[in-house]
Amino acid sequence: MTANTALLLTLVVPLLGAVLIALAGRWPNLRETVTMVTALTLFGLVIRVLMGLNAGEEIGVELVTLFSGVPIAFNTEPLSILFAMIASGLWIVTSIYAIGYMRGTNEKQQTRFYVCFAIALFGAMGVAFSANLLTLFIFYEVLTISTYPLVTHKGDDKAKAGGRTYLGILMTTSIVFLLPAIIWTYAAAGTLDFVPGGILEGHLAAGSATLLLMLFLFGVAKAAVMPVHRWLPAAMVAPTPVSALLHAVAVVKAGVFTLIKVVIYIFGTDYLAEVPYEQFAVYIAGFTVVAASCIALRQTNIKRLLAYSTIGQLSYIIMATMALAPFSEIGAAIHIAAHAFGKITLFFTAGAIYVASKKTEITQLNGIGWRMPYTMTAFAIGALSMIGVPPTAGFVSKWFIIAGAFQLDNYFVLVVLILSTALNAAYFLPIIFNAFFKPEDVTPVKDHAEAPTNMVIALSVTATLTLLFFFFNGPVLDLETQIVGGMP
Amino acid sequence: MSGLGVWNYVIIIFLMMIGLYMVMSSSNLVKKLIGLNVFQTSVFFLYISFGYIEGATGPVMQEGASLYSNPLPHVLILTAIVVGVATTAVGLALSVRIKESFGTIEEDELHTMDSSL
Amino acid sequence: MSDHLILRIVGKFLIPYILLFGLYVQFHGDFGPGGGFQAGVIFASAFVIHTLLFGLESAERIAPQWILKIVAASGVLIYALVGVAAMLMGGNYLDYDFLAADPIAGQHIGIILVEFGVGLTVASVMMLLFFTFAGRGEAS
Amino acid sequence: MLAHLPVLVILAPLLGAPVASLLRGPNWPWLLATLLSWFALLCSVLLLIQVNAQGTFIYTMGGWEAPWGIEYRIDFANALLLVLITGLASVVLPYARLSVEHEIGADRCPLFYTALLLLILGLCGITVTGDAFNVFVFLEVSSLATYTLIAMGRDRRALTASFSYLIMGTIGATFYLIGVGFLYVMTGTLNMADLAERLPAISDSSTVRTAFAFIVTGICLKLALFPLHLWLPNAYTYSPSAVTAFLGATATKVAVYVLIRFVFTIFGVEFSFGAEPLAEILVPLAIIGLLSASTVSIMQPNIKRMLAYSSVAQIGYIVLGLAMGTAMGLTASLLHVFNHGLMKGALFMVMGAVAYRMGGTSIDDMRGLAKTMPLTFWAFVLGGLSLIGVPLTVGFVSKWHLILAALELGWWPVVVAILAGSMLAVVYVGRVVEAGFFGEPKDATKREAPWGLLVPLWVLVIANIWFGIDTRLTVDIAEAAAAQLMAGGVVR
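So, a few notes on the structure that sits alongside this text. (Residues numbered from 1 in each chain as written. Chains lettered and ligands numbered in written order. Predicted model: local features only at pLDDT ≥ 70, side-chain atom pairs only at ≥ 80, totals over all residues. Heavy atoms only, no water.)

Thoughts on the interface of chain B and chain D
For clarity, the threshold we go by: Any pair of residues with heavy atoms lying within 4.5 Å of one another is described as a contacting pair. Once two parts are joined, some of their accessible surface, as seen by a 1.4 Å probe, is lost; buried area is that loss totalled over both. Salt-bridge detection follows one rule: a side-chain nitrogen of Lys or Arg within 4 Å of a carboxyl oxygen of Asp or Glu. Two N or O atoms form a polar contact when they lie within 3.5 Å of each other; inside protein one atom must be a possible hydrogen donor and the other a possible acceptor, and for residues adjacent in sequence the pair counts only when both atoms belong to side chains. Helix and strand assignments follow DSSP, with helices taken as H or I runs no shorter than four residues and strands as E runs no shorter than two, numbered in order from the N terminus.
Contact residues are listed per partner, giving 35 residues for chain B and 31 residues for chain D. Contact with chain D buries surface across chain B, with Y47(B), L94(B) and R97(B) losing the most and accounting together for 17% of the total. Summed over the shared surface of chain B and chain D, the number is zero salt bridges. Counting the contacts that link chain B with chain D gives three residue pairs in polar contact (both at pLDDT 80 or more). Looking at which element gives the most residues to the side of chain B that touches chain D, the answer is helix 3 (residues 72-102) of chain B, with 16 residues.

In structure tokens form, the structure reads like this:
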């Protein structure tokens, strides 16, 4: 199998999986086997593409031409392979987890759940391997639409309201900001291909370039920059596996991934540095980091807290990208991975707590650490990664971002990082402390122990990954330095 | 067409306005149709007066005639008249059925029955 | 109006001439003013007078609605098929030149046939319209 | 036979209509009409291929050369329209069998199919003819058929809807007739190509300007441009489902075609946009129309009516494109003519299927549709996405070109308006989808619509996706047509 075939199959397999899952809907065991097989196959295919990339194979597939010069085309580069690996790899873990969660909570419409999940992965793969902005936009929308039934899974009024906010914001921004930005780019440059060094240089007036950058920044609402972040907390009405994989990994990372792509391959970092007021993007992201952390501090619901934490972490990545230092670009790419491992662990634990004890509020967690030791240990690891304490994944990326800030003497970035680290610590550490060292204040509704085994396995795996990433980040680092053209 | 000066147009415009005014102002559906007919007929006159040439004979080949009226507008209007008849017939048929199912053909009464009309 | 003796007598007297005049206008159409439209209306007007004078039932005995429908449809078909015939004989649609060996004869044949079709349709449709409206009033 | 293609398209319904009126029962006329519409589609496709291969296709009726006789003149623009009309007819007719028998009753079926064939005849006729007066005749043929078809709706309000359409439609057509009369007086010809040749020399005269005003106003009435759209919502709401699907997809589009033909071919770009303030008039009307109609459609409890208002809004997009007076804008306009035909056809057919099972088309009837009629529901979702303009659907293709055209002119406020219109579409489509997805079915015992309705429906839905992905056919033809029209369009 050539790498090109593998690339195409990464798109075909999740779709095919969706169809098979739908067909196997009546037999839950078969259905979940299919899900697992699909996830494993997909991961294998992504690995094959990675091997092709490392071996220097020519990778690129063109399907049909939509508009003159803009085909639906796919290729790969270090950033996309990283995103694809995270999304597909964590899908395996999430599937294991989801089986436990969905059965544990007796959700309805489970077949629809798995089908939509597979389609969402299809969207994520498409986003990852898009060779041009239009292809990316198409899969971006596939991702939006396919996750809507997942967000509204419960079907009650609260879910509907959440779904409305979710779809409303994502659709509005993508239609009102992102689409015109793309068409404008096309009108100016005559192409939408992702080219190292960018395609816009010399095609736009200075003021227009600033406006275009802002259109992209707010158009890609999946990156959740304030004030277009509100869909993310709203999406927390979804079942936890959805929040875990999609709203900590696939969907939100598709957002920041898009922005990084735009910065590196559409504008080009050199050109962007000349765009006036480009630093506004850094300030907006920095503000989002601090503001989101402050809001997170006041949350009582675990998942909402995690959602605001995600908003803050995403803006780290955006801030690092927009800072335009080579180190910070690498840091941004690595933080996609680092945050993914940490945040999925946190969501897994939130779901595990819910399944085991039906608890959703932070105040109820006192002393729970001794009832659910594995879960809460994993929680602690995830939280430490969010704060950026070694030896966790979060430390690695933060290191690079800070290095980038020094490269440019950008003290704003530095201050934001320090401030937010303090805030992160302020809202995560008390939870860990209370869970292990405070006594349970009320007797729980039911006497519970750990969550179902597959959930514990899943969250242990991701927690381990969070730790391992600290020690074995070499390959990823080597890969991602390619995007800035070698180690700076 | 010099023989008529511009009077034919004056008359035609007058008829046209009468027709349009009837369509707009009368609430009775049949009267609306009559107005529509007047309006259409004024246009027929317009065409026919286009075709008139002073001193010309009818457009059939004959000895001693060199100037013929233009037959084409007449042909066109013949078609338009047929169309007009058909429209009137459909309109009247509709009025009959409206009368049968609503019991009235007064537009304001129809409106009071159903505001969405 | 069946009790208006004068009208009835005059009507009876006039109707054949109206029909005859209709036929004249119909078949004179390719030489002088005339043709299917006018002829059809004149022809139908005779029936309208008949209906007014002798009642709908009597008129419908002469020209039942189902026959009129067939006639109306076949008039259109005659028109369309003449065109098709011209097409099959090598010309464009409705190119009468090709209907006979001599183009002028072809034009005559074509015009007469087409006008005949038009006349049939116009006459029968006019009658149908009148009968339909007249019949509607009685029923309700 | 290839030389006769333009007339064969017309001939099929012309021969079919009288025969259908004589047949009995619901099925025979249906079968005849369906086969003939397929035949017409075949001819249109062949015609399009011919035009693509050999350029403009001219057919003289009765062998009379152009200024004396009527000629049919097919270039890219009308070839595309013909494919749309006959294609939609070919899909709607198979669908009509069950729907019409259900809504109209078996005894009136022959009449229905006769009228429908006449409607197809009229629409195709307007499209192929190269004679300005002939357009009027076919316009009235199609209009008369339309009035009849609308009046066949089950609701008695169909009658009043049909009546007001009759009044408005006739006024519009008569306006058009006045305009054509003026042109004839000034030029002595009715042939479009001749008109185009002779008009530039005398374009200063006030008669020509008056003619232009009358013609544009008359056609805008027929194409339901805001604020002349008042006849449309009721007409679409109360007519039988199959009729709404066909009308919604084609009737106003043909009027758009006539407008394009007059503005670009006959009067020419320089006159229409230079001497006359066409853009200044049409652009604001189009924008107000698309925004206000979209807003109104959000509040409609009857989904058919909602879609009707959405049609008025979409007409706004189409007119906006052509009112730009650029090749790009015209391309977008032609594309949207075709694409909107596909999506509205599909959506109205969905409503027909809903009416078939649920007995109504209000939002209450749509509740819980995802459970009771999943295939119908998903067809609505896909059609709705196309209406919004989500990528990979046809709606996206035309919106893309429209925005590109507006950007080319630097009309930023127009871009904003187009996007705002899309947002409103999200709301009104989303509202129905939400009801269908989460609502409790009014009657849970209802089953999926029969295959006779579903298959044609899904054919259109798939066409929506297909032409959204494979844009070669539509975009290339629309671009070629736009280039031809911008160049004056007259190729002797």
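That shown, we press on.
A few points about the interface of chain D and chain A
Stated formally: Three classes are used, and their members are as follows: Ala, Val, Leu, Ile, Met, Phe, Trp, Tyr, Cys and Pro are nonpolar, Asp, Glu, Lys and Arg are charged, and the others, Gly among them, are polar.
Each side of the interface is counted separately: chain D has 24 residues, and chain A has 29 residues. Summed over both partners, the interface of chain D with chain A comes to about 2,500 Å²; 84% of that surface belongs to carbon and sulfur atoms. It is W400(D), E434(D) and F438(D) that lose the most area in chain D upon contact with chain A, and together they represent 26% of the buried surface on that side. The interface formed by chain D and chain A contains one salt bridge. The partner of R164(A) in a salt bridge is E434(D), and the shortest N-O contact between them spans 2.6 Å. In this assembly, chain D and chain A are joined by two residue pairs in polar contact (both at pLDDT 80 or more). Looking at the side of chain D that touches chain A, the element that brings in the most residues is helix 19 (residues 412-438) of chain D, giving nine residues. Partitioned by chemical class, the residues of the side of chain D that touches chain A number 19 nonpolar, four polar and one charged.

Quick word on the pairing of strand 2 (residues 71-74) of chain D
Residue and element names in this part refer to chain D. The line we're drawing: Here the term buried applies to any residue with accessible area under 20% of the maximum for its type, exposed to any over 50%, and partly exposed to those in between, with areas from a 1.4 Å probe on protein chains only. Strands are treated as partners if at least two bridges between them are detected by DSSP.
Where burial is concerned, the two faces of strand 2 agree: the one with E71 and R73 and the one with Y72 and I74 are both buried. One ladder, built from four bridges, connects strand 1 (residues 57-60) with strand 2; its direction is antiparallel. Bridge assignment links I58 to a residue of strand 2, and that residue is R73.

A look at the packing of helix 1 (residues 7-25) of chain B against helix 2 (residues 29-51) of chain B
Residues and elements named next belong to chain B. The cut-off we apply is this: Axis definition: a line fitted to C-alpha atoms, limited for helices to the stretch in contact. Angles are taken between N-to-C directions and run from 0 to 180 degrees. An angle below 35 degrees is read as roughly parallel, one above 145 as roughly antiparallel, one from 65 to 115 as roughly perpendicular, and any other as oblique. By the definition used in this description, the sense in which the near helix is turned from the far one sets the handedness, with an anticlockwise turn below a right angle giving left-handed and a clockwise turn giving right-handed.
Taken N-terminus to C-terminus, the directions of helix 1 and helix 2 make an angle of 160°; their axes are 7 Å apart at the nearest point. On the basis of their axis angle, the class for helix 1 and helix 2 is roughly antiparallel. Crossing geometry of helix 1 relative to helix 2 is assigned as left-handed. Residues of the contact of helix 1 with helix 2, tallied by class, amount to 17 nonpolar, five polar and two charged.

A closer look at the arrangement of the chains
A comparison of contact numbers over the four pairs of chains in contact places chains B and D at the top. Across all C-alpha pairs, the smallest distance from chain A to chain B is 31 Å, and the two are not in contact. The closest approach of any C-alpha atom in chain A to one in chain C is 40 Å; the two make no contact.

Let's talk about the pattern of salt bridges
Inspection of the entire model under this criterion finds twelve salt bridges over all chains. Across the salt bridge formed by R73(D) and E71(D), the nearest N and O atoms sit 3.1 Å from each other. The network of salt bridges with shared partners includes R31(A), E32(A) and R103(A).

Structural notes on a nonpolar patch on the surface
All names here are of chain C. For clarity, the cut-off: Patches in this entry comprise residues that are over 30% relatively accessible and not in a salt bridge; like charges within 9 Å are linked, as are nonpolar side chains (Val, Leu, Ile, Met, Phe, Trp, Tyr) within 5 Å. Computed with a 1.4 Å probe, the accessible areas rest on the Shrake-Rupley method; for each residue, only the protein chains presented here act as cover.
Together, I6, V10, F13, L14, Y17, L20, L23, F27, I112 and F116 make up a nonpolar patch on the protein surface, roughly 980 Å² of accessible area in all. When residues of the nonpolar patch are traced back to their parent elements, those giving at least two are helix 1 (5-27) and helix 5 (103-139). Broken down by element, the residue count for the nonpolar patch peaks at eight residues, all from helix 1. Along the chain, the position of L14 falls in helix 1.

Considerations on the environment of Y24(C)
By the secondary structure assignment, Y24(C) is in helix 1. With a relative accessible area of 47%, Y24(C) lands in the partly exposed category.

A look at the nonpolar core
Rule in force here: Residue types Ala, Val, Leu, Ile, Met, Phe, Trp, Tyr and Cys, when buried and joined through side-chain atoms within 4.5 Å, form a set referred to as a nonpolar core.
With 458 residues, the main nonpolar core has Y93(C), F262(D) and W400(D) as its most contacted residues. For this core, the element with the most residues is helix 9 (residues 240-267) of chain A, which contributes 20 residues. The contact partners of W400(D), leaving out residues within four places of it in the chain, are F67(A), L134(A), L179(A), I182(A), I183(A), Y186(A) and L192(A). Of all hydrophobic cores here, the second largest spans ten residues; its members include A44(C), L68(C), A123(C) and F131(C).

Looking at the packing of aromatic side chains
The criterion, for reference: For Phe, Tyr and Trp, rings pair up if their centres lie within 6.5 Å, where Trp contributes its six-membered ring, and each pair is then called stacked (planes under 30 degrees apart), edge-to-face (over 60) or tilted (otherwise). Our definition puts a charge over a ring when NZ of Lys or CZ of Arg is within 6 Å of the ring centre and also within 35 degrees of the ring normal.
For the structure shown, the criterion picks out 57 aromatic pairs over all chains. Ring centres of F113(A) and Y114(A) lie 5.3 Å apart, and the angle between their planes is 85°; this geometry places the pair in the edge-to-face category. Look at F113(A) and you get buried, because its relative accessible area is 0%. Take Y114(A): its relative accessible area is 2%, and that puts it in the buried class. Ring-pair connections join several aromatic residues into one group, and the members of that group are Y9(B), F39(B), Y47(B), F50(B), F133(D), F136(D), F175(D), F182(D) and F214(D). The ring centre of Y354(A) lies 4.9 Å from the NZ or CZ of K358(A), which sits over that ring. A cation sits over an aromatic face here: R156(D) above F102(B), 4.2 Å from the ring centre.

Looking at empty space enclosed by the protein
Residues and elements named next belong to chain D. Inclusion rule: Here the term cavity refers to a set of points on a 1 Å grid, laid over the protein atoms alone, in which a 1.4 Å probe fits but cannot get out; the term pocket refers to an open set having protein on both sides within 12 Å along at least five of seven lines, with lining residues being those that place an atom within 4 Å of a point. Grid points are joined across faces, edges and corners, and a volume is the space filled by probe spheres set on the points.
Following the criterion strictly, the structure yields seven cavities of 30 Å³ or more and no others. By volume, the largest cavity is sized at about 100 Å³. Contributing to the lining of the largest cavity are 13 residues, with L123, S142, Y165, K222 and A251 lying nearest its centre. Going through the elements one at a time, helix 4 (109-128), helix 5 (132-151) and helix 10 (241-266) are the ones with two or more residues in the lining of the largest cavity.

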